[in-house]
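# Structural description and commentary
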Amino acid sequence: MDYPNQTFVNRFILLGLSDIQYLQVLYVLIFSIIYVITVLGNTLLIIAVLINVHLQTSMYFFLTNLSIIDICCSSTVVPKMLVNTLSLDKSVSLVECALQMFLSLVLGATQCIILTIMAYDRFVAICKPLHYNTVMNRRVCIFLAVFCWTVGFINSSIHVVFTFQLPFCRSHHIDHYFCEIPPFLQLSCRDTWYNEVLVYISACLIVVCSFFLTLTSYVYIISTILQIHSTKGRQKTFSTCASHLTVVCIYYGTIMAMYLGPHSAYSPQRSKIASIIYTSVTPMLNPIIYSVRNYDIRQTITKKLIRKYN
């Protein structure tokens, strides 16, 4: 079907978080600080795992993957957003936009599955401790990590191809601060029903399934913890998965709010807030949450890193 008013644009205008000048300055300051903390925090966590042989287990292997995702996710979005906010030219090419969307989707899907595998790792460690080293051996961990990244790449490729086959003729102004699927669907003059169905299918297969598998792991974990007679023993066992549980609640809450809401109820402001949480705030909080609640990581950072250079 042809569209008489259809136009094809090679560049899009990212409207950003605000067009008010003093708010733009404030956003640049806040997001610059968040980005620096994110990169430093996650880098410290990765180095701590690499230099401490006691931390080179399956749990910390997946935690390292999570830190790499956090650094990449924030780096995919925040630097470009800062440049666009400070620049008079807020345009982005179609190729740049597609690449940014592709990377953010890869990292988002991979993180969902990584968090699920981390929950399973805690399930095996707490519910089947005698089989832990056998079940979560190095070969299995590498296979699971490759599986996570592969699913992320396949999912992202499908979405980007289908999204950029749409004709964007309503406008080339994107009411967002980076290239994401929902605002793009608002620009198309073609019926986006197939794209919306694809998003829901993807969300159900990856986000919802990952969430329920994570939830199932924690049902068994909590059930096992409650069977421990010692209060101190229960607290010690629960502390090994408390950090992960906190991260899961923050991450899945924002992702589901973003992608599982009805298309008709789409709100640019709500979308921006949800995106800020999972592309900037969560990557910053993850290493802080894991470092504060994990004695081994704290000790490695303070004794082997900080004191070494003092």
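- The name an unreviewed UniProt entry assigns to the protein chain is G-protein coupled receptors family 1 profile domain-containing protein, from the organism Xenopus laevis.

## Concerning the packing of aromatic side chains
- Per the stated rule, a full pass over the model turns up 12 aromatic pairs.
- Each ring, one from Phe 12 and one from Phe 184, has its centre 5.1 Å from the other, and the planes form 70°; the classification is edge-to-face. Highlighted residues: Phe 12 in strand β1 (residues 11-14) and Phe 184 in helix α6 (residues 181-187), separated in sequence by 172 residues. In this pair, the class of Phe 12 matches that of Phe 184, namely buried.
- Relative to Phe 212, the ring of Phe 211 has its centre 5.6 Å away and its plane inclined at 75°; by these criteria the two rings are edge-to-face.
- The partly exposed category is assigned to Phe 211, whose relative accessible area is 25%.

## Section: a nonpolar patch on the surface
- Taken together, Leu 29, Ile 33, Ile 37 and Ile 288 make up a surface patch of nonpolar side chains, about 340 Å² in accessible area.
- The element best represented in the nonpolar patch is helix α1 (residues 21-51), accounting for 3 residues.
- Among the structural elements, Ile 33 can be located in helix α1.

## So, the pattern of salt bridges
- For the structure on display, the rule yields 2 salt bridges.
- The residue Arg 122 makes a salt bridge to Asp 121 at a minimum N-O spacing of 2.8 Å. An identical accessibility class is assigned to Arg 122 and Asp 121; each is buried.
- Of the charged contacts, one joins Asp 175 and Lys 272 as a salt bridge, the two residues approaching to 2.9 Å between their closest N and O atoms. Here Lys 272 lies in helix α9 (residues 268-293) and Asp 175 lies in the loop between β3 (173-174) and α6, a separation of 97 residues in the sequence.
- With relative accessibility at 4%, the residue Lys 272 sits in the buried group.

## Digging into the UniProt feature "transmembrane region" (unreviewed entry) in the protein chain
- Residues annotated by UniProt as "transmembrane region" (unreviewed entry) correspond here to residues 25-53, 60-78, 98-120, 140-162, 197-221, 242-261 and 273-292.
- End-to-end, the C-alpha atoms of residues 25-53 are 44 Å apart, and along that stretch the chain is 93% helix and 0% strand.
- Secondary structure content for residues 140-162 is 100% helix and 0% strand, and the end C-alpha separation is 33 Å.

## Structural notes on the layout of surface pockets
- As a volume, the largest pocket reaches approximately 470 Å³.
- Along the wall of the largest pocket there are 20 residues; nearest its centre are Met 59, Tyr 60, Arg 122, Thr 240 and Asn 294.
- For the lining of the largest pocket, the elements supplying multiple residues, two or more each, are α2 (58-86), α3 (94-127), α8 (231-259), α9 and α10 (295-306).
- Looking at which element gives the most residues to the lining of the largest pocket, the answer is α8, with 6 residues.
- In terms of lining, the second largest pocket is formed by 14 residues, of which the most central are Gln 56, Thr 57, Ser 58, Phe 61 and Arg 138.
- Secondary structure elements with two or more residues in the lining of the second largest pocket: α1, α2 and α5 (138-163).
- With 4 residues, α2 is the single largest residue contributor to the lining of the second largest pocket.

## Topic: the nonpolar core
- Counting residues in each nonpolar core, the largest one holds 53 residues, and the members touching the most others are Phe 62, Leu 63, Leu 115 and Met 118.
- Going through the elements one at a time, α1, α2, α3, α5, α7 (193-226), α8, α9 and α10 are the ones with two or more residues in this core.
- If you tally residues by element for this core, the top one is α3, at 12 residues.
- With residues near it in sequence (within four places) discarded, Phe 62 still touches Ile 114, Ile 117, Met 118, Met 136, Cys 141, Leu 144 and Ala 145.
- In terms of nonpolar packing, the next biggest core, distinct from the first, is built from 20 residues, Leu 14, Val 92, Phe 164 and Ile 174 among them.

## A few points about the environment of Ile 46
- In this fold, Ile 46 is placed in helix α1.
- Residue Ile 46 is classed as buried on the basis of its relative accessible area, which comes to 15%.
- Sequence separation between Ile 46 and Phe 12 is 34 residues, and the spatial gap between their C-alpha atoms is 36 Å.
- Non-local contacts of Ile 46, meaning those with residues more than four positions away in its chain, are made with Thr 64, Ser 67, Ile 68 and Ile 71.

## Points about the sheet that holds β1
- Strand order in this open sheet of 3 strands is β2-β1-β3, and the pairing throughout is mixed. The sheet terminates laterally at β2 (91-93) and β3, the two strands that pair on one side only.
- Two elements, β1 and β3, share 2 bridges in a ladder whose sense is parallel. Each bridged residue has a counterpart across the sheet, and for Ile 13 the counterpart in β3 is His 173.

Conventions we followed
Residues numbered from 1 in each chain as written. Predicted model: local features only at pLDDT ≥ 70, side-chain atom pairs only at ≥ 80, totals over all residues. Heavy atoms only, no water. Phe/Tyr/Trp six-rings, centres within 6.5 Å; stacked < 30°, edge-to-face > 60°. Helix = DSSP H or I, 4+ residues; strand = E, 2+ residues; numbered from the N terminus. Buried < 20%, exposed > 50% of the residue type's maximum accessible area, 1.4 Å probe, protein only. Patch = residues over 30% accessible without salt bridge, like charges linked within 9 Å, V, L, I, M, F, W, Y side chains within 5 Å. Areas by Shrake-Rupley, 256 points an atom, 1.4 Å probe, with all protein chains shown as cover. Salt bridge = Lys/Arg side-chain N within 4 Å of Asp/Glu carboxyl O. UniProt positions renumbered as here; feature names shortened; annotations may be inferred. 1 Å grid on protein atoms, 1.4 Å probe; cavity = no way out; pocket = protein on both sides within 12 Å on 5 of 7 lines; lining within 4 Å. Points joined across faces, edges and corners; volume = space filled by probe spheres on them. Core = buried A, V, L, I, M, F, W, Y, C linked by side-chain atoms within 4.5 Å. Contact = heavy atoms within 4.5 Å. Pairing = 2+ DSSP bridges.

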